Amino acid sequence: AEMFEGKYVTAAMSISCQLNWACNFFVGLFFPYINKSLGAYSFGPFAIVLLLTFMFAWIYLPETQGTTPAELQAEMVKKNAGRSYHNMDIEAMASHVPPTQDEWAEALAALEDEKVGLNISQSLSSNK
């Protein structure tokens, strides 16, 4: 969760919680059949999935203990530099700085000017 901004964490936690409940539902649904077929070895498939998950985490996921989110993001950008994910430029996205309060104020003022200009042109065209 420390890799992402707070606005994404809540949605990701919600989705992962729903996925967890769905997987638990299917485990509960199919376990009697697995137990009937495999008997004493019915936990074997779960042990295999657990082992594969552990190996994936050990090999592919970076260690995050003691790193700041900025350091972690820089490491992920460095690792994935040169890769293209559905035409997304990873390096450009990582170097993007969110707009400042002044930039937001300028954008809102420009938008308000456009609305005023649009209202004036509409009123002039309706008077003709």
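As a reminder, the structure under discussion sits directly above these lines.
Residues numbered from 1 in each chain as written. Predicted model: local features only at pLDDT ≥ 70, side-chain atom pairs only at ≥ 80, totals over all residues. Heavy atoms only, no water.

Engineer: Lay out the side chain of serine 42 with the relevant residues and their values.
Structural biologist: With respect to the element layout, serine 42 can be found in the loop between α1 (6-38) and α2 (44-60). Among the residues examined, serine 42 registers a relative accessible area of 2% and is labelled buried. One polar contact links serine 42 to asparagine 35, side chain to side chain, over a distance of 3.4 Å. Apart from the residues within four sequence positions on either side, serine 42 is in contact with Phe31, Ile34 and Asn35. (Helix = DSSP H or I, 4+ residues; strand = E, 2+ residues; numbered from the N terminus. Buried < 20%, exposed > 50% of the residue type's maximum accessible area, 1.4 Å probe, protein only. Polar contact = N/O pair within 3.5 Å; in protein donor to acceptor, adjacent residues only side chain to side chain. Contact = heavy atoms within 4.5 Å.)

Engineer: So what's going on with the packing of aromatic side chains? Which residues, and what values?
Structural biologist: Centre distance and the angle of the planes are the two values used to describe a pair of aromatic rings. The tally for this structure, following the rule as stated, stands at seven aromatic pairs. Summarising the aromatic geometry, the rings of phenylalanine 31 and phenylalanine 43 are spaced 5.4 Å apart at their centres and angled 40 degrees between planes, so their arrangement reads as tilted. Linking phenylalanine 31 in helix α1 with phenylalanine 43 in the loop between α1 and α2, this pair joins segments that are 12 residues apart in sequence. Classification of phenylalanine 31 by relative accessible area gives partly exposed; the value is 24%. For phenylalanine 43, a relative accessible area of 57% gives the class exposed. Measuring from ring centre to ring centre gives 6.4 Å for phenylalanine 43 and phenylalanine 46, while their planes differ by 50 degrees; the resulting arrangement is tilted. Assessed through its relative accessible area of 29%, phenylalanine 46 is described here as partly exposed. An aromatic cluster is defined as three or more aromatic residues linked by ring pairs; in this entry it consists of Phe25, Phe26 and Phe30. (Phe/Tyr/Trp six-rings, centres within 6.5 Å; stacked < 30°, edge-to-face > 60°.)

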